[in-house]
Amino acid sequence: MFKVSKKIGAGMLLATMLVSTALTGCSGSSESSSGKSDGKIELSFMFRGQPQEQEAFKEVIKKYEEANPDVDVTMVITAPDQYDTKLKAAIAGRKIPDVFFYNPAQVKAYVNSGVLLDITEQVEGSEDIKLEDIWETGVDKYRYDGKTLGEGAIYGLPKDLGPFALGYNKTMFEEAGIPLPDKDKPYTWDEFISVSQELTKDTNGDGKMDQYGTGFNVNWALQPFVWSNGADWLDETKTKVTIDDPKFTEALQWFADHQNKYKITPSIGEAQTLDTYQRWLKGQLAFFPVGPWDMGAFKEQLKFEYDLIPWPAGSTGKSAAWIGSLGIGVGSTTKHPEEAAELAMYLSADQEGQQALVDAQVQLPNSMEVAKSWSEDTSIKPENKQEFLDIINDYGRGFPAEHTYTGEWYEEFFKNIQPVLDGKQTAEEYVKEAQPKMQKLLDAAIEQEKQAAK
Ligand code: CA
């Protein structure tokens with residue numbers, strides 16, 4: 001059983017968190033949560049994060065308030081898995097926060113329904129931030145000209161970019177006397193299985209397994225394998241669901257075979273007693289995905305050395321990985337558009353704000369310049385942080401649903417996948433069943449977008 005319980009950071013939660021319902025008109029004369037008291041400008045800031053991220057953002061807000069004594073920020077904080085429901089409710093109740101995190105897959109729908117304020121002028125006119133210094137791929141996720149994503153007005157700035165790399169337990173390799181993975185040359189799939197099998201063992205001879213190759217969560221780790229095998233969820237026009245492509249099926253089957261055929265993961269029974277995130281923390285797994293948001297927690301909790309490598313390469317011979325992101329947007333109903341945009345910029349790109357977040361090790365720097373020296377700083381573990389930057393610059397991609405109007409079609413893929421992971425259904429049988437259902441939902445999303453554009 002692959003449980004959906006890997007601790008996830010604010011930068012990654014796309015697949016399960018897409019707002020898929022149509023938004024009703026939310027602009028207009030709605031009540032804003034901002035107002036004035038004690039002569040101070042009050043801004044509401046709604047965000048989410050793991051405990052470590054929450055603490056980091058609280059600190060940054062404190063700094064912001066010290067630097068801007070006329071502004072009072074009220075924070076609305078939720079755990080990552082409840083965030084979208086709460087934000088949706090706030091929007092539906094016409095209480096759009098002044099500043100808030102949102103998923104890039106929502107840009108089109110939020111712009112069309114008037115939830116987001118266009119902050120292009122504030123961003124381009126700012127003296128505190130340099131737009132050209134922020135990752136272009138990050139800013140482009142929040143541009144929309146009414147037709148094409150990535151172009152036109154700016155409706156938010158990246159909270160961060162979250163490249164999802166593959167980590168490995170260096171100590172485990174050294175103890176087993178196995179050569180360390182090459183950071184510049186990805187394993188082939190066969191090599192990955194073979195080294196994982198070598199590391200899956202009962203180390204003390206009591207008949208019970210003590211360590212395993214890996215244990216991936218399908219929601220977050222299938223994408224690199226599908227993509228590196230030359231397949232994808234959608235065709236280039238983003239109008240056809242292509243999971244029945246044999247290259248896709250092959251990747252999904254190989255993924256499920258980790259447990260059922262190659263036995264490089266905890267068994268179904270073992271997975272029920274302890275999830276793989278916990279096993280990674282305990283040093284029981286050789287390989288596990290790592291995002292920048294994990295670094296702070298890993299620094300405190302891991303009792304072994306770890307580092308980053310590219311994901312194993314499928315038939316294309318190239319690694320693939322996803323880049324998550326969250327936007328920081330300004331609510332269209334804010335009474336203080338200038339100050340709200342200022343706050344969004346402070347959190348995303350201001351040097352002081354950024355440094356505090358980077359120091360807390362909950363994200364990589366949004367400034368390309370800062371990121372370079374950060375990646376070279378060997379006092380910050382892991383050593384090969386360059387892999388994160390390579391994913392952003394060279395081989396990372398956004399989630400499949402980022403370019404579609406709603407994400408229901410993509411969520412559908414994961415709904416009934418468990419029998420495949422448990423070896424009770426083949427990948428080939430599964431994609432035949434799932435493709436038409438997903439296509440129907442995608443068609444509906446395309447239709448909805450057409451209607452909204454009218
Ligand atoms: Ca044992």
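Bear in mind the structure is a predicted one, so any value in this text is a computation, not a measurement.

Undergrad: Sorry if this is basic, but what is going on with the overall build of the protein chain here?
TA: Within the protein chain one finds 20 helices and twelve strands. Relative to a compact globule of 454 residues, whose C-alpha radius of gyration would be 22 Å, the protein chain shows 22 Å and is just as compact. Seen through its principal axes, the protein chain has C-alpha atoms that stretch 70 × 50 × 35 Å. Taken across its 454 residues, the protein chain has 58% of its residues classed as buried. Of all intrachain contacts in the protein chain linking residues separated by at least 6 positions in sequence, the fraction that spans at least 24 positions is 75%. Accessible surface computed for the protein chain: about 18600 Å², of which carbon and sulfur atoms make up 48%. Here the protein chain holds 46 positive side-chain charges and 72 negative ones, and the gap between their average locations is 5 Å.

Undergrad: Looking at this model, I keep getting lost on the domain arrangement of the protein chain. Mind explaining?
TA: Many descriptions give the size of an interface as the accessible area lost when the pieces come together. Once the domains are mapped, the protein chain shows domain 1 (3-162 + 324-397) and domain 2 (165-322 + 400-453). With centres defined by C-alpha atoms, the gap from domain 1 to domain 2 works out at 27 Å. Between domain 1 and domain 2, the residue contacts involve 47 residues of the former and 47 residues of the latter. Both faces considered, domain 1 and domain 2 share a buried interface measuring about 4200 Å² in area, 58% of it formed by carbon and sulfur atoms.

Undergrad: Would you mind showing me how to read the coordination of the calcium ion here?
TA: Summarising the metal site, the calcium ion is bound by the protein donors D202 (OD), N204 (OD1), D206 (OD), K208 (O), D210 (OD) and D210 (OD), whose distances to it range over 2.3 to 2.8 Å. Coordination at the calcium ion is irregular, judged from the six donor atoms that bind it and the angles of 49 to 172 degrees they form at the metal. Using a relative accessible area of 46% as the deciding quantity, one classes D206 as partly exposed.

Undergrad: Would you explain the pairing of strand 11 (residues 321-330) in this entry?
TA: The element strand 11 is extensively covered by neighbouring structure, given that ten of its ten residues are classed as buried. Summarising the sheet, strand 7 (residues 157-163) and strand 11 pair through six bridges and their orientation is antiparallel. Paired with D160 across the two strands is L326, which belongs to strand 11. The sheet contact formed by strand 11 and strand 12 (residues 396-397) spans two bridges and is parallel. Paired with A321 across the two strands is G396, which belongs to strand 12.

Undergrad: Got a minute to help me understand helix 10 (residues 246-260) in this structure?
TA: In an α-helix, one full turn covers 3.6 residues, which means residues spaced three or four apart are oriented alike. With 15 residues, helix 10 should cover 21 Å at 1.5 Å per step; its first-to-last C-alpha distance of 20 Å lies within 8% of that length. Residues of helix 10 that are buried: F248, T249, A251, L252, W254, F255, A256, D257, H258 and Q259. Looking at the packing, one finds that the buried side of helix 10 touches helix 8 (189-199), helix 9 (218-228), helix 11 (268-273), helix 18 (408-415), helix 19 (418-421) and helix 20 (427-453). Where helix 10 begins, the side chain of D245 points an oxygen toward the backbone nitrogen of K247, at a separation of 2.8 Å.

Undergrad: For this particular structure, what's the right way to read the nonpolar core?
TA: Side chains of nonpolar character tend, in soluble globular proteins, to be buried together. Core analysis: the biggest nonpolar cluster contains 83 residues, and W233, W280, F287 and F413 have the highest contact counts within it. Counting residues per element, this core draws most heavily on helix 9, which supplies seven residues. Here this core spans two domains, since at least three of its residues come from each of domain 1 (3-162 + 324-397) and domain 2 (165-322 + 400-453). Core analysis: the next-biggest nonpolar cluster, separate from the first, contains 53 residues, F47, A56, Y64 and V123 among them.

Undergrad: Would you mind going over the packing of helix 8 against helix 10 with me for this structure?
TA: If you want to describe how two helices pack, look at the angle between their axes and the distance between the axes. Where helix 8 contacts helix 10, the axes come no closer than 12 Å and their chain directions differ by 5 degrees. Between helix 8 and helix 10, the interaxial angle falls into the category roughly parallel. Contact residues: W189, F192 and I193 in helix 8; E250, A251, W254 and H258 in helix 10. Residues that form the contact of helix 8 with helix 10 fall into these classes: five nonpolar, one polar and one charged.

Undergrad: For this particular structure, what's the right way to read the pattern of salt bridges?
TA: Two side chains of opposite charge can pair, provided their charged atoms sit close to one another. Taken as a whole and assessed by the stated rule, the structure comprises 13 salt bridges. D140 is paired through a salt bridge with R143; the nearest N and O atoms lie 3.5 Å apart. When its relative accessible area of 26% is taken as the criterion, D140 is described as partly exposed. On the basis of relative accessible area, R143 is assigned to the buried category, the value being 16%. Here E412 ties to K415 by a salt bridge, and the two come within 3.8 Å at their closest N and O atoms. One end of the pair, E412, and the other, K415, are both in helix 18, three residues apart, so they sit about a helical turn from each other.

Undergrad: What exactly am I supposed to notice about the packing of helix 9 against helix 10 here?
TA: Two elements in contact, helix 9 and helix 10, have axes whose closest approach is 9 Å; the angle formed by their N-to-C orientations is 130 degrees. When the axes of helix 9 and helix 10 are compared, the pair comes out oblique. The two elements helix 9 and helix 10 cross, and the hand of that crossing is right-handed. On the side of helix 9, the interface is formed by V218, A221, L222, F225 and V226, while helix 10 contributes F248, A251, L252, W254 and F255. Per-class residue counts for the contact of helix 9 with helix 10 are ten nonpolar, no polar and no charged.

Undergrad: Which parts of the structure should I look at to understand unusual backbone geometry?
TA: Residues other than glycine predominantly adopt negative phi, and peptide bonds predominantly adopt the trans conformation. In this structure, P382 follows K381 across a cis peptide bond, with omega equal to 0 degrees. Counting through the fold element by element, P382 comes out in the loop between helix 16 (368-376) and helix 17 (386-395). Even without being a glycine, R94 presents a positive backbone phi close to 60 degrees. Structurally, the position occupied by R94 is in the loop between helix 3 (80-92) and strand 4 (99-102). A positive phi angle, close to 55 degrees, is found at Q361, a residue other than glycine. Residue position: Q361 is located in the loop between helix 15 (351-359) and helix 16.

What counts and what doesn't
- Residues numbered from 1 in each chain as written.
- Predicted model: local features only at pLDDT ≥ 70, side-chain atom pairs only at ≥ 80, totals over all residues.
- Heavy atoms only, no water.
- Helix = DSSP H or I, 4+ residues; strand = E, 2+ residues; numbered from the N terminus.
- Rg over C-alpha atoms; globule rule 2.2 N^0.38 Å.
- Buried < 20%, exposed > 50% of the residue type's maximum accessible area, 1.4 Å probe, protein only.
- Contact = heavy atoms within 4.5 Å.
- Areas by Shrake-Rupley, 256 points an atom, 1.4 Å probe, with all protein chains shown as cover.
- Lys, Arg positive; Asp, Glu negative; His and termini not counted.
- Charge placed at Lys NZ, Arg CZ, Asp CG, Glu CD.
- Domains from an automatic or database assignment.
- Buried area = accessible area lost by both parts, 1.4 Å probe.
- Donors = N, O, S within 2.8 Å, 3.2 Å for Na, K, Ca; no water.
- Tetrahedral: all angles 85-135°; square planar, octahedral: opposite > 155°, others 65-115°.
- Pairing = 2+ DSSP bridges.
- Expected span 1.5 Å × (residues − 1).
- Polar contact = N/O pair within 3.5 Å; in protein donor to acceptor, adjacent residues only side chain to side chain.
- Core = buried A, V, L, I, M, F, W, Y, C linked by side-chain atoms within 4.5 Å.
- Axes fitted to C-alpha atoms, helices over the stretch in contact; angles between N-to-C directions.
- Parallel < 35°, antiparallel > 145°, perpendicular 65-115°, else oblique.
- Nonpolar A, V, L, I, M, F, W, Y, C, P; charged D, E, K, R; others polar.
- Salt bridge = Lys/Arg side-chain N within 4 Å of Asp/Glu carboxyl O.
- Left-handed = near helix turned anticlockwise from the far one by under 90°.

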